[in-house]
Amino acid sequence: MNKRAASAIAGNAVLAGILLMLLGDFMFALNDAMGKWLVASFSVGQVLLIRSVGAFFVLGPMLARQPISALYKVEKPSLHVLRIVLATADTGLFYAAVAYMPLADVMTFYMAGPIYVAALSHFLLGERIGWRRWLAVLIGFIGVVIALRPSSEMLSLPSIFGLIGSLSFALTLVLNRTLRSTPDATLVTWQTLACLVAGAFLTIGNWSPFNTGELLALLLLGIVSCGAHLLITRSLKLAPASVLAPLQYTLLLWAIVLGWIFFGDFPDVQTLTGAGIIIIAGLFIFHRGNLKQDVEPVVPTDSSHG
């Protein structure tokens, strides 16, 4: 194979990776919009429970291809337990937040995840962060505060749900980097089982009847989420993370579009300003990470919040 053919194949793989990432991000956004619609009729626990059952329609074939020992023979079990707790909190708090807040507002908090990761990686992973990225982290936090609205609403319960959920999401990403040698299906299976158990517990005394269509929608929530996860995982095998990482900000664009179409919500100037600051700061962190090559770009490769 000559160099021109090899270059063309590599270019096609990168293009395929970009397209798969964009499709995966759209499916995550669609999943989040479906979740917001469903929590208007059902409790967060009920959504978590049936969504998790639906996810196993996708996880089942993945688990069948690996030995059962892959689920319990894992490195650093204590970190796995911590990741499971954080991923469950992230998912539950996300649905609790979107039950009361516009989708784009909640997604703005979650778009700050890479900024939190950059800061947390310095303290938890010992990765060196230069002054320029520390400045970008500070600017990103300012964007979060602007989006939170510096007022009494800043301390509203839904805003706190969104903020704590996004921090849980960031910590989950940091642990993903620590546990990167663990099979993907193992990580997703345990967090799905944890969501199922948490959902079953939260539905005690808080169960609403549903018709066949609603049951299918709840199951579809888990299927769409796992499908998005698989698309993003495949994209990372075809294209460099540094190319794909900035594409995650299309999630916010889709959140704005879907929130407007399905719920009549459109973010105000303050939310858009905060989101813009967060995106600029996040892209700068990615850029500096690529230059220094001492902080690996982080892409949310699991279905934690959606």
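Provided above is the structure to which this section pertains.
Residues numbered from 1 in each chain as written. Predicted model: local features only at pLDDT ≥ 70, side-chain atom pairs only at ≥ 80, totals over all residues. Heavy atoms only, no water.

**Considering the overall build of the protein**
Here is step 1: Scanning the protein from terminus to terminus reveals 13 helices and 0 strands.
Here is step 2: When the elements of the protein are put in sequence order from the N terminus, they spell out α-α-α-α-α-α-α-α-α-α-α-α-α.
Here is step 3: When each of the 306 residues of the protein is scored for burial, the buried share is 50%.
Here is step 4: Sequence separation of 24 or more characterises 89% of the internal contacts of the protein that already satisfy a separation of 6 or more.
Here is step 5: Summing over all exposed atoms, the protein offers an accessible surface of approximately 13,800 Å²; the carbon and sulfur share of this is 71%. (Helix = DSSP H or I, 4+ residues; strand = E, 2+ residues; numbered from the N terminus. Buried < 20%, exposed > 50% of the residue type's maximum accessible area, 1.4 Å probe, protein only. Contact = heavy atoms within 4.5 Å. Areas by Shrake-Rupley, 256 points an atom, 1.4 Å probe, with all protein chains shown as cover.)

**Brief notes about the nonpolar core**
Here is step 1: Val 47, Phe 94, Tyr 95 and Met 107 are the most contacted members of the largest nonpolar core, which has 63 residues in total.
Here is step 2: Looking at this core, the element that brings in the most residues is helix 10 (residues 212-238), giving 8 residues.
Here is step 3: With 7 residues, the next largest nonpolar core counts Ala 55, Val 58, Leu 59 and Val 188 among its residues. (Core = buried A, V, L, I, M, F, W, Y, C linked by side-chain atoms within 4.5 Å.)

**Considerations on helix 10**
Every α-helix winds through 3.6 residues per turn, so residues three or four apart in the chain are directed the same way.
Here is step 1: Between its terminal C-alpha atoms helix 10 stretches 39 Å, which fits the 39 Å expected from 27 residues at 1.5 Å a residue.
Here is step 2: Among the residues of helix 10, the N-terminal cap falls to Asn 211, whose side-chain oxygen and the backbone nitrogen of Gly 213 are separated by 3.1 Å. (Expected span 1.5 Å × (residues − 1). Polar contact = N/O pair within 3.5 Å; in protein donor to acceptor, adjacent residues only side chain to side chain.)

**Quick word on the packing of helix 5 (residues 103-111) against helix 6 (residues 113-124)**
Here is step 1: Closest axis-to-axis distance for the helix 5/helix 6 pair is 5 Å, and the angle between their directions is 25 degrees. Here helix 5 lies roughly parallel to helix 6, going by the angle between them. Only Gly 113, Pro 114 and Tyr 116 of helix 6 make contact with helix 5, whose side of the interface consists of Phe 109, Tyr 110 and Met 111. (Axes fitted to C-alpha atoms, helices over the stretch in contact; angles between N-to-C directions. Parallel < 35°, antiparallel > 145°, perpendicular 65-115°, else oblique.)

**Quick word on the side chain of Ser 168**
Here is step 1: By secondary structure assignment, the location of Ser 168 is in helix 8 (residues 157-178).
Here is step 2: If near-sequence neighbours (up to four positions away) are discounted, Ser 168 is found in contact with Leu 86, Ala 89 and Asp 90.

**Some details on helix 12 (residues 250-263)**
Here is step 1: Helix length check: helix 12 (14 residues) gives 19 Å between terminal C-alpha atoms against 20 Å at 1.5 Å per residue, within 8%.
Here is step 2: Positive backbone phi, at 70 degrees, marks Gly 264, one or two positions downstream of helix 12.

**Re the packing of aromatic side chains**
Here is step 1: Across all of its chains, the model carries 6 aromatic pairs by this definition.
Here is step 2: Look at Phe 26 and Trp 254: their rings are 4.7 Å apart centre to centre, the planes differ by 65 degrees, and that puts the pair in the edge-to-face class. One end of the pair, Phe 26, is in helix 1 (residues 3-38); the other, Trp 254, is in helix 12, with 228 residues separating them in the sequence.
Here is step 3: Exposure remark for Phe 26: the relative accessible area of 25% places this residue in the partly exposed category.
Here is step 4: Judged by relative accessible area, Trp 254 falls into the partly exposed class, the value being 29%.
Here is step 5: Ring centres of Phe 94 and Tyr 95 lie 5.8 Å apart, and the angle between their planes is 70 degrees; on these two criteria the pair is classed as edge-to-face.
Here is step 6: The exposure class assigned to Phe 94 is buried, which follows from its relative accessible area of 0%.
Here is step 7: Here the aromatic residues Phe 94, Tyr 95, Tyr 110 and Phe 169 are joined through ring pairs into a cluster of three or more. (Phe/Tyr/Trp six-rings, centres within 6.5 Å; stacked < 30°, edge-to-face > 60°.)

**Remarks on the side chain of Thr 88**
Here is step 1: Position of Thr 88 among the secondary structure elements: in helix 4 (residues 77-98).
Here is step 2: At a separation of 2.7 Å, a polar atom in the side chain of Thr 88 contacts the main-chain carbonyl oxygen of Ile 84.
Here is step 3: Aside from chain neighbours lying at most four places away, what touches Thr 88 is Gln 191, Ala 194, Cys 195 and Ala 198.

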